[in-house]
Amino acid sequence: MGRGKLRIYLGAAPGVGKTYAMLSEAHRRIERGTDCVVAFVEHHHRPRTEVMLHGLEQVPRKELEYRGGVFSEMDVDAVLHRAPAVALVDELAHTNVPGSRNAKRWQDVEELLAAGIDVVSTVNIQHLESLGDVVESITGVRQRETVPDEVVRRADQIELVDMSPPALRRRMAHGNIYKPDKVDAALSNYFRPGNLTALRELALLWVADRVDEYLTEYRSEHRVSKIWGSRERIVVGLTGGPEGRTLIRRAARLAEKGAGGEVMAVYIARSDGLTSASPKELAVQRTLVEDLGGTFHHVVGDDIPASLLDFARGVNATQIVLGSSRRKTWQYIFGPGVGTTVARESGSDLDVHIVTHEEVAKGRGLPVARGARLGRSRIIWGWAVGIGGPVVMALLLNTIDLGLANDMLLFLAVTVAAALLGGLLPALASAAFGSLLLNYFYTPPLHRLTVADPKNIVAIVIFVGVAVSVASVVDLAARRTHQAARLRAESEILSFLAGSVLRGETSLEALLERVRETFGMESVALLERAGDVDPWTCAGSAGPAPANRPEDADVDMPVGDHTALALSGRVLPASDRRVLAAFAAQAVVVLDRQRLQFEADQAKELAEGNRIRTALLAAVSHDLRTPLAGIKAAVSSLRSDDVAWSEEDQAELLEGIEDGADRLDHLVGNLLDMSRLQTGTVTPLIREIDLDEVVPMALGGVPEDSVDLEIPESLPMVAVDSGLLERAVANLVENAVKYSPVDERVLVAASAMADRVEVRVMDRGPGVPDEAKDRIFAPFQRYGDAPRGTGVGLGLAVARGFAEAMGGTLNAEDTPGGGLTMVLTVRAVHRRPDPAARTAVAERQAS
């Protein structure tokens with residue numbers, strides 16, 4: 001049985017209609033005769049969505065008990081037993097209740113797909129793991145439930161369910177998304193127009209990138225070389241010269257004029273010695289293009305115009321931006337230049353922009369191509385000069401009598417020219433042919449291939465020897481220059497690679513993509529296996545349809561006994577395999593580093609868990625047993641028939657029982673809160689409230705005359721979870737009261753600063769040194785010589801954990817005049833309710 005297909009409805013925010021669209025699709029499939037069931041769909045009491053469930057078979061859910069409550073989750077076993085053709089599974093990023101078959105719902109979906117069941121699911125853009133930080137910066141809320149991007153990317157179909165922010169807010173106002181009592185808070189917080197617009201843009205761009213991936217894969221599979229102008233992609237050709245910054249900025253302005261424009265800067269490192277870019281300038285230009293939202297690419301190519309056009313067509317570019325030539329007028333005798341060649345060969349599918357700049361015609365300061373690699377055209381010219389040059393020279397010298405010595409020098413000059421152009425073989429041919437012509441036309445007896453004077457024989461022999469020597473030296477110099485240039489190009493590539501790795505910029509996928517671009521391949525894969533007879537597995541790849549085995553690839557670069565780099569697209573020359581070997585070795589190093597980092601993170605989590613468990617056992621063994629022992633002793637005393645307790649004694653024993661129970665409740669509460677923070681299950685319900693509604697309620701656990709409260713009525717509202725804020729402030733106040741002198745009151749004050757509100761809890765106790773201010777927030781830490789019976793050292797750790805869960809901070813400062821101040825910072829909402837509403841709230845609290 002094959003793997004099932006996954007279809008995902010992606011939305012920018014709750015309420016855009018993902019579940020409704022999924023249920024509509026289910027009805028359409030049932031009408032076509034498809035066996036379709038509802039594995040799990042949550043309608044959230046939305047009438048229109050609930051109506052769409054009518055007529056659909058629903059697989060019974062599984063009931064799970066957790067912390068005194070009963071929760072329902074998808075019954076994976078029941079769905080597998082039912083084995084439908086299509087299963088509807090809502091909310092792909094959902095976290096299952098502890099005790100479920102899998103921790104995440106997307107893992108449940110993977111099981112259904114593996115069983116050959118097609119799945120239709122839904123997810124919001126804010127639940128994609130890679131966008132967590134971006135969404136938090138937009139909405140101020142950290143998404144606790146996420147799904148790995150790769151799970152969504154692997155979907156066979158992704159359909160965007162879109163709705164404009166005004167339309168979505170109207171749906172919210174009409175009560176079609178949340179209950180009426182939650183509408184105002186939602187519209188003023190998460191569903192603000194700016195938030196919805198930014199989330200919508202994220203969703204559109206993410207889907208556009210996926211469409212671009214599909215298009216690239218299709219073009220590669222069908223070998224489509226013609227450019228499809230589906231979106232504006234602008235390639236900037238860089239030479240490493242100072243004009244590169246001007247070209248990048250010009251390309252960025254062109255990209256801004258079209259929707260979804262993309263800038264790709266490319267530097268082509270030639271191996272013929274004609275270019276010598278400044279690494280510092282290239283680094284500056286790389287930073288500039290990335291700051292402008294583009295990407296930087298480093299490619300090796302001997303023919304710069306052809307390599308640039310190949311790159312542009314490979315990325316489906318629509319425009320190329322080049323700078324006007326820096327060559328002086330006389331340098332055009334060596335060729336038309338890169339810009340002219342690219343414009344001539346670009347065809348009708350690529351627009352080429354030649355941009356003027358301050359360096360035009362100022363000279364490139366680069367060596368002229370006289371000692372470079374001998375291409376086909378130069379070899380042809382070398383043979384032409386080597387054979388035709390002596391003939392032309394003989395015709396000219398027949399009209400002028402310069403003497404044998406001068407004639408030999410002129411023929412020698414022709415031989416040297418042939419060596420400079422075509423190398424050794426054309427020069428040897430020129431020397432041989434020239435010596436025959438000298439013998440025939442200029443040494444007595446004339447017009448015969450004999451030499452009468454022995455001195456002339458010596459002269460001709462010397463001529464041939466000098467010509468061959470000069471030709472050999474010139475040819476050797478050209479080849480050594482080519483080798484040096486090749487090595488320099490390789491060193492530039494390796495230096496760039498090493499620098500990016502040392503800066504920590506290169507992941508395995510990015511490194512493989514760099515290999516693919518550098519060598520102009522279609523796909524690259526890093527393959528590994530456990531043993532000689534085990535099957536190959538792909539540790540990472542770049543490009544469409546990577547090879548599954550080294551023997552299936554065009555280029556196979558083994559790294560060790562059980563690892564290989566497989567490249568598909570073309571066969572590489574032997575000269576390129578040295579650089580490829582360095583890339584392959586680096587890829588293995590990056591893979592090992594990623595795995596070691598993963599193992600280190602796991603070891604760190606295990607070590608932290610062991611430390612927490614050890615401290616928890618110590619707390620249970622002593623701090624929890626102490627109040628239990630006191631309670632048991634008091635109860636045993638009251639139950640004893642041997643002693644007649646007075647009313648005062650009974651009251652004292654009962655008070656001891658109550659104090660012990662309160663201590664137990666406080667300790668167990670902190671232990672449970674710390675456990676929730678360690679496991680990441682604290683999910684705050686953020687809403688807009690006034691501090692004076694929460695802070696007074698947090699003072700119930702301390703004596704009434706021990707705290708002064710200063711909460712100005714002019715403070716803006718804050719976006720917090722009222723329960724978490726109350727618990728955090730309560731822990732801070734109890735800690736401050738515990739360490740304050742008996743005659744000193746703790747001050748709880750609040751103030752607004754920009755978009756934040758600070759709650760300060762100030763005591764006059766002994767204070768804490770600067771080096772210990774961070775350590776006191778660690779779990780199971782007591783400062784100084786605090787007795788063990790005063791707690792397990794979790795109050796401040798829990799308070800900081802709750803503050804960070806709400807998007808706030810908690811830090812310690814010195815109190816002016818002595819003592820410690822705890823500063824709790826939360827996000828402010830600059831919107832005040834009307835006075836009538838505040839009066840109504842105050843009356844309800846008073847009653």
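The shown structure was predicted, so the numbers you read here are calculated from the model rather than taken from an experiment.

### Focus: the overall build of the protein
Here's step 1: When its secondary structure is counted, the protein shows 25 helices and 24 strands.
Here's step 2: Burial status across the protein gives 45% buried among its 847 residues.
Here's step 3: A sequence separation of at least 24 residues applies to 71% of the contacts in the protein between residues at least 6 apart.
Here's step 4: If you sum the accessible surface of the protein, you get close to 43200 Å²; carbon and sulfur atoms cover 56% of it.

### Things to note about the environment of A306
Here's step 1: Along the chain, A306 falls in helix α12 (residues 304-314).
Here's step 2: When the C-alpha atoms of A306 and E345 are compared, they prove to be 8.6 Å apart, with 39 residues separating the residues in sequence.

### Things to note about the pairing of strand β20 (residues 717-720)
Here's step 1: Alternating residues of β20 divide into M717 and A719 and V718 and V720, and every residue in both groups is buried.
Here's step 2: Bridge count for strand β18 (residues 687-689) against β20 is three bridges, and the pairing is antiparallel. Residue pairing for β20: I689 is matched across the bridge by V718.
Here's step 3: The sheet contact formed by β20 and strand β24 (residues 820-829) spans two bridges and is antiparallel. Considered in β24, the bridge of M717 is made with V829.

### Here we look at unusual backbone geometry
Here's step 1: One non-glycine residue, A83, lies in positive phi territory at about 50 degrees.
Here's step 2: Along the chain, A83 falls in the loop between α3 (76-82) and β6 (86-89).
Here's step 3: The phi angle at E91 is positive, at roughly 55 degrees, despite the residue not being glycine.
Here's step 4: Relative to the assigned elements, E91 resides in the loop between β6 and α4 (105-114).

### Quick look at the sheet that holds strand β16 (residues 555-558)
Here's step 1: An order of β15-β14-β17-β16 is seen for the four strands of this open sheet, with the pairing classed as antiparallel. With partners counted over all chains shown, the strands left at the sheet margins are β15 (537-542) and β16, one partner each. Ignoring which end each strand starts from, the neighbouring axes of this sheet average 20 degrees apart.
Here's step 2: Both strand β14 (residues 523-528) and strand β17 (residues 563-568) contribute to a ladder of six bridges, which runs antiparallel. Counterpart to L527 in the pairing with β17 is A564.
Here's step 3: Of the strands in this sheet, β14, β15 and β17 touch helix α18 (residues 508-518), which is tilted by about 60 degrees from β15.

### Here we look at the side chain of T415
Here's step 1: Its location among the elements puts T415 in helix α15 (residues 404-422).
Here's step 2: One polar contact links T415 to S430, side chain to side chain, over a distance of 3.2 Å.

### A short note on the packing of α12 against helix α13 (residues 338-345)
Here's step 1: Where α12 meets α13, the axes come as close as 9 Å, and the angle between the chain directions of the two elements is 45 degrees. Classified by the angle between their axes, α12 and α13 sit oblique to one another. Where α12 crosses over α13, the handedness of that crossing is right-handed. On α13, the residues touching I304, P305, L308, L309 and R313 of α12 are V338, T341, V342 and E345.
Here's step 2: Along the lines of polarity and charge, the residues of the contact of α12 with α13 split into six nonpolar, one polar and two charged.

### Observations regarding the sheet that holds strand β13 (residues 351-355)
Here's step 1: The five strands lie next to each other as β11-β10-β9-β12-β13, forming an open sheet whose pairing is parallel. Strand pairing shows two members of the sheet lacking a second neighbour, β11 (295-300) and β13, which therefore form its edges. Strand-to-strand twist of the sheet, defined as the mean angle between neighbouring strand axes without regard to direction, takes the value 25 degrees.
Here's step 2: Here strand β12 (residues 319-323) runs beside β13; their pairing, made up of five bridges, is parallel. Bridging across to β13, V321 finds its partner in H353.
Here's step 3: Seen against the sheet, α12 touches β9 (233-238), β10 (262-269), β11 and β12 and runs at an angle of roughly 150 degrees to β10.

### Section: a positive patch on the surface
Here's step 1: There is a patch of like positive charges on the surface, built from R249, R250, R253 and K257.
Here's step 2: Along the chain, K257 turns up in the loop between α10 (244-256) and β10.
Here's step 3: With a relative accessible area of 67%, K257 lands in the exposed category.

### As for the packing of aromatic side chains
For any pair of aromatic rings, the description rests on two quantities: the centre-to-centre distance and the angle between the ring planes.
Here's step 1: Across all of its chains, the model carries zero aromatic pairs by this definition.
Here's step 2: Positioned over the ring face of F40 is R105, at 3.9 Å from the centre of the ring.
Here's step 3: Sitting over the face of the ring of F777, R800 holds its NZ or CZ atom 3.9 Å from the ring centroid.

### Considering α13
Here's step 1: Of all the residues in α13, the buried ones are G339, T341 and V342. Each buried residue of α13 sits inside an arc of 165 degrees when the element is viewed along its axis, so together they form one side.
Here's step 2: A positive backbone phi angle near 80 degrees is found at G347, which sits one or two residues after α13.

### Here's the deal with a nonpolar patch on the surface
Here's step 1: A surface patch of nonpolar side chains, amounting to about 420 Å² of accessible area, comprises I379, W383, I387, L425 and L428.
Here's step 2: Within the residue set of the nonpolar patch, elements represented by two or more residues are α14 (376-397) and α16 (424-442).
Here's step 3: Top element by residues in the nonpolar patch is α14. It accounts for three residues.
Here's step 4: Along the polypeptide, W383 turns up in helix α14.

### A few points about the nonpolar core
Here's step 1: Formed by 59 residues in total, the largest nonpolar core has its most connected members in M74, L88, L92, L112, I125, V147 and W206.
Here's step 2: Element by element, the count of residues in this core is highest for helix α9 (residues 193-221), at six residues.
Here's step 3: The contact partners of M74, leaving out residues within four places of it in the chain, are A39, F40, V79, V89, D108 and L112.

### Regarding the confidence of the model for the protein
Here's step 1: For the protein, per-residue confidence averages 77 on the pLDDT scale, and residues scoring 70 or more make up 77% of the total.
Here's step 2: Segment residues 363-373: pLDDT under 50, and 27 contacts once partners within four positions in sequence are set aside and those in other chains are kept.
Here's step 3: Below pLDDT 50 for its whole length, residues 832-847 participates in 15 contacts with residues either more than four positions away or in separate chains.

Reading the values: the criteria
- Residues numbered from 1 in each chain as written.
- Predicted model: local features only at pLDDT ≥ 70, side-chain atom pairs only at ≥ 80, totals over all residues.
- Heavy atoms only, no water.
- Helix = DSSP H or I, 4+ residues; strand = E, 2+ residues; numbered from the N terminus.
- Buried < 20%, exposed > 50% of the residue type's maximum accessible area, 1.4 Å probe, protein only.
- Contact = heavy atoms within 4.5 Å.
- Areas by Shrake-Rupley, 256 points an atom, 1.4 Å probe, with all protein chains shown as cover.
- Pairing = 2+ DSSP bridges.
- Axes fitted to C-alpha atoms, helices over the stretch in contact; angles between N-to-C directions.
- Polar contact = N/O pair within 3.5 Å; in protein donor to acceptor, adjacent residues only side chain to side chain.
- Parallel < 35°, antiparallel > 145°, perpendicular 65-115°, else oblique.
- Left-handed = near helix turned anticlockwise from the far one by under 90°.
- Nonpolar A, V, L, I, M, F, W, Y, C, P; charged D, E, K, R; others polar.
- Patch = residues over 30% accessible without salt bridge, like charges linked within 9 Å, V, L, I, M, F, W, Y side chains within 5 Å.
- Salt bridge = Lys/Arg side-chain N within 4 Å of Asp/Glu carboxyl O.
- Lys, Arg positive; Asp, Glu negative; His and termini not counted.
- Charge placed at Lys NZ, Arg CZ, Asp CG, Glu CD.
- Phe/Tyr/Trp six-rings, centres within 6.5 Å; stacked < 30°, edge-to-face > 60°.
- Lys NZ or Arg CZ within 6 Å of the ring centre and 35° of its normal.
- Arc of directions from axis to C-beta.
- Core = buried A, V, L, I, M, F, W, Y, C linked by side-chain atoms within 4.5 Å.
- pLDDT = per-residue confidence, 0-100.

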